[in-house]
Amino acid sequence: MQYIMSLDLGTTGNRAIIFDRAGQIVGLAYKELTQYYPKPGWVEHDAMEIWEAIRWAMGAAIQDAGITAQDVAAIGLTVQRETCLLWDKTTGQPLHNAIVWQDRRTAGLCHQLEAYRSEIYERSGLFLDAYFSATKLMWLLDQVGDVNLDNVLGGTIDSWAIWQLTGGKVHATDHSNASRTMLMNLKEQDWDPELLKIFNLPQQILPEIKPSQGIFGQLDPDLLGVEIPIAATFGDQQSALFAHGCDQPGLLKCTYGTGCFLVSHMGGEIVRSQNHLLSTVAWTTAQAGGDYQLGYALEGSMFTAGACIQWLRDGLNIIDTAADSEPLAQQVEDNGGVYFVPALSGLGAPHWDMSARGAFLGLTRGASKAHMVRAVLEAIANQAREVVQAVNEDSGTPIKELKVDGGACQNDFLMQYQADVLGIPVERPAILDATAQGAAFAAGLAVGYWDSYTDLVKGRKIDRVFEPSARATQAQDSFATWQKAVERAKHWVE
Ligand code: ADP
């Protein structure tokens, strides 16, 4: 028997998952990742910790599945996007902690580049914002000072992982990750000389851009004793889109992980949103003769979703585990007038306000821990509703059902509230690790382990469909008050 290994390098943690031919999970290893918050608004990861976690997880997942490395037909890689780093080509050591996508330290740099906003959007499909990699790489280069650029490599987490996994042989990224750096030309699908000039970045430190679904290189045999092809690399959101079978215009999904990301496939042409959604690459598939097939997407990125649950757990210590948020929220009849604005890293779609900050509003002496936790969960669903509205307005055809995945989807209260506030069913799959599943599907298809994408997608089981309940009207009324709260939290740190 042969298997596919997916490496899912997320913001919260890193996992390796082994899938069998039926698309079922037969082995898994996961390690939570340390989050560093050196200053307000700053978020960093130790790239060496990520690499150590990958090395450990590959072996542990193989052991968990009761197989050997020889049984792994291919590796699919999927990563948190935009997070980036520089490393030393000779020593393999990072030159600084990786700057995480949620990090706001370069908001000031973005303001200085305001004159280029429309040109940046035109070329990259993205809104000038500290979220993307470009200004983070500028900051990192400035920080490391006088270095010999010939000895420096840079990129997003996928390029770091590929370089390490191939024993330093391959420095590459894929179109879906590159499209989030703000340095790739969306039409040409290559590094854009004008964007590189605007951000004052040398192309020589950047990886080669390759098709998402295709061979990136072979696993260094020193790692597991065998060579294994790395046959797919996707940004995490694009990988989940692939897993859900969203490969045609109008098919979309919403992933509730650290952030919440609603992504809609748009076909082979770039579509520009009228409602503050990003244009980006869905994925590319290598074809014979060096060519590739390309799909674009529209995306609503919300920076803080599961991250606010993590903050309740680790920052405020008012819950012991993320799962505790569900019974607590259900203890109370309603939010007791308490509203939460999840702007812990500013606001993404559809507001794009780097200077917004998180807020609780409507507190009274009657407000309890349960009300506050409930307000946080409601806020996650409310922001997704704002983005669904934007997608509906862009497409002209309202979404009839929302396909979801990601760690925070385990929360039944959140899913029910989402169905209520949207007034449409929410469909939760049995495997919530759609991100890892997408990379596995793509890698397995690339090496001929599977031959039908349609069958793979059809074979996915649905765990539960949340229908709008009798409380839908109440949730939708409450949405208007929540929007008022959002306005109060905007333009906070100018
Ligand atoms: P990522 O890929 O961004 O690392 P995951 O999909 O692994 O994220 O999901 C992890 C996130 O889900 C964490 O932020 C965590 O707080 C949140 N989470 C996990 N379980 C629950 C739960 N039962 N209720 C709400 N949030 C949860």
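Going by the structure above, here's the rest.
Residues numbered from 1 in each chain as written. Predicted model: local features only at pLDDT ≥ 70, side-chain atom pairs only at ≥ 80, totals over all residues. Heavy atoms only, no water.

1. Focus: the overall build of the chain
Then, in step 1: Looking only at helices and strands, the chain has 16 helices and 23 strands in total.
Then, in step 2: Relative to the compact-globule value of 23 Å for 494 residues, the chain shows a C-alpha radius of gyration of 21 Å, a close match.
Then, in step 3: Over its C-alpha atoms, taken along the principal directions, the chain stretches across nearly 60 × 50 × 45 Å.
Then, in step 4: Taken across its 494 residues, the chain has 62% of its residues classed as buried. (Helix = DSSP H or I, 4+ residues; strand = E, 2+ residues; numbered from the N terminus. Rg over C-alpha atoms; globule rule 2.2 N^0.38 Å. Buried < 20%, exposed > 50% of the residue type's maximum accessible area, 1.4 Å probe, protein only.)

2. Some words on the site of the ligand
Then, in step 1: Around the ligand, the structure places 19 residues, and the nearest of them are T12, T258, G306, G407 and N411.
Then, in step 2: A408 places a polar main-chain atom, nitrogen or oxygen, 3.4 Å from an oxygen atom of the ligand.
Then, in step 3: In the model, a nitrogen atom of the ligand is placed 3.1 Å from a nitrogen or oxygen of the N411 side chain.
Then, in step 4: Considering the ligand on its own, with 580 Å² of exposed area, one finds that the protein chains cover 87% of that surface.
Then, in step 5: Contributions of two or more residues to the shell around the ligand are made by strand 2 (13-19) and helix 10 (306-315).
Then, in step 6: Looking at the shell around the ligand element by element, the count peaks at four residues for helix 10. (Near = heavy atom within 4 Å. Polar contact = N/O pair within 3.5 Å; in protein donor to acceptor, adjacent residues only side chain to side chain. Areas by Shrake-Rupley, 256 points an atom, 1.4 Å probe, with all protein chains shown as cover.)

3. Description of the side chain of R385
Then, in step 1: Position of R385 relative to the elements: it lies in helix 12 (residues 369-395).
Then, in step 2: For the buried R385, which has no salt bridge, the nearest side chain bearing the opposite charge is D477, at an N-O separation of 8.0 Å.
Then, in step 3: The contact partners of R385, leaving out residues within four places of it in the chain, are Q418, V421, L422, Q476 and F479. (Lys, Arg positive; Asp, Glu negative; His and termini not counted. Salt bridge = Lys/Arg side-chain N within 4 Å of Asp/Glu carboxyl O. Contact = heavy atoms within 4.5 Å.)

4. A word on helix 10
Then, in step 1: Among all positions in helix 10, only G306, A307, C308, I309, Q310 and L312 are buried.
Then, in step 2: In the core, the buried residues of helix 10 are packed alongside strand 3 (25-32), helix 11 (325-330), strand 19 (339-341) and helix 12.
Then, in step 3: Immediately beyond the C-terminal end of helix 10, within one or two residues, lies N317, with a positive phi of roughly 55 degrees.

5. Quick look at unusual backbone geometry
Then, in step 1: At the junction of A349 and P350, the peptide bond is cis and its omega measures out at -5 degrees in the coordinates.
Then, in step 2: You can see P350 is positioned in the loop between strand 19 and strand 20 (359-361).
Then, in step 3: Its identity is not glycine, yet E82 carries a phi of approximately 70 degrees, on the positive side.
Then, in step 4: What makes E82 buried here is its relative accessible area of 2%.

6. Brief notes about the packing of aromatic side chains
Then, in step 1: Inspection of every chain in the model, using the stated rule, returns 24 aromatic pairs.
Then, in step 2: Aromatic side chains W42 and W139 sit 5.6 Å apart centroid to centroid with 85 degrees between the ring planes, which places their arrangement in the edge-to-face category. With W42 in the loop between strand 3 and strand 4 (44-45) and W139 in helix 4 (residues 133-144), this pair connects stretches of sequence that are 97 residues apart.
Then, in step 3: The exposure class of W139 is buried, given its relative accessible area of 18%.
Then, in step 4: An aromatic cluster of three or more residues is present, and its members are W101, Y121, F127, Y131, F132, F261, F303 and W352.
Then, in step 5: Above the ring of Y121, the side-chain terminus of R272 is found at 4.9 Å from the ring centroid. (Phe/Tyr/Trp six-rings, centres within 6.5 Å; stacked < 30°, edge-to-face > 60°. Lys NZ or Arg CZ within 6 Å of the ring centre and 35° of its normal.)

7. Section: the nonpolar core
Then, in step 1: Counting residues in hydrophobic clusters, the biggest one holds 133 residues, and the most contacted among them are L183, F199, Y256, L262 and L402.
Then, in step 2: Looking at which element gives the most residues to this core, the answer is helix 12, with 13 residues.
Then, in step 3: Leaving out residues up to four positions away in the same chain, Y256 has contacts with I380, A384, L402, V404, D405, G406, G407, A408, C409, L414, M415 and Q418.
Then, in step 4: By size, the runner-up hydrophobic cluster in this structure holds 42 residues, among which are L9, W51, A60 and I75. (Core = buried A, V, L, I, M, F, W, Y, C linked by side-chain atoms within 4.5 Å.)

8. Considerations on the side chain of R104
Then, in step 1: Within the element layout of this structure, R104 appears in the loop between strand 7 (98-99) and helix 2 (107-112).
Then, in step 2: Side-chain polar atoms of R104 contact the side chain of D129, separated by 2.9 Å.
Then, in step 3: Side-chain polar atoms of R104 contact the backbone oxygen of S345, separated by 3.3 Å.

9. A short note on the environment of H491
Then, in step 1: Within the secondary structure, H491 is located in the segment after helix 16 (472-489).
Then, in step 2: Spatially, the C-alpha atom of H491 lies 8.1 Å from that of R357, the residues being 134 residues apart in sequence.
Then, in step 3: For H491, the residues in contact, after removing those within four places along its chain, are D353, S355 and A356.

10. Regarding the pairing of strand 2
Then, in step 1: Burial analysis of strand 2 places six of its seven residues in the buried class, which makes it a mostly covered element.
Then, in step 2: Direction of pairing for strand 1 (residues 3-9) relative to strand 2: antiparallel, over a ladder of six bridges. When the sheet's bridge partners are listed, L9 is paired in strand 2 with N14.
Then, in step 3: As consecutive antiparallel partners, strand 1 and strand 2 are separated by three residues.
Then, in step 4: In terms of strand pairing, strand 2 meets strand 3 through seven bridges, oriented antiparallel. Following the sheet pairing, N14 is matched in strand 3 by K31.
Then, in step 5: Adjacent in sequence and paired antiparallel, strand 2 and strand 3 are bridged by five residues, among which G23 carries a positive phi angle near 80 degrees. (Pairing = 2+ DSSP bridges.)

11. Some points on helix 4
For an α-helix, 3.6 residues make a turn, and residues three or four places apart therefore share a direction.
Then, in step 1: When the terminal C-alpha atoms of helix 4 are compared, their 16 Å separation across twelve residues agrees well with the 16 Å that a helix rising 1.5 Å per residue should span.
Then, in step 2: Judged by how many residues are buried, helix 4 sits mostly within the fold: ten of twelve residues are covered.
Then, in step 3: Every buried residue of helix 4 is listed here: S133, A134, T135, K136, L137, M138, W139, L140, L141 and V144.
Then, in step 4: Contacts made by the buried residues of helix 4 are with strand 6 (84-88), strand 7, helix 2 and strand 8 (152-156). (Expected span 1.5 Å × (residues − 1).)

12. So, a nonpolar patch on the surface
Then, in step 1: Side chains of I25, L28 and Y30 sit close together on the surface and give an oily, nonpolar patch of about 220 Å² of accessible area.
Then, in step 2: Structurally, I25 is set in strand 3.
Then, in step 3: Look at I25 and you get partly exposed, because its relative accessible area is 31%. (Patch = residues over 30% accessible without salt bridge, like charges linked within 9 Å, V, L, I, M, F, W, Y side chains within 5 Å.)

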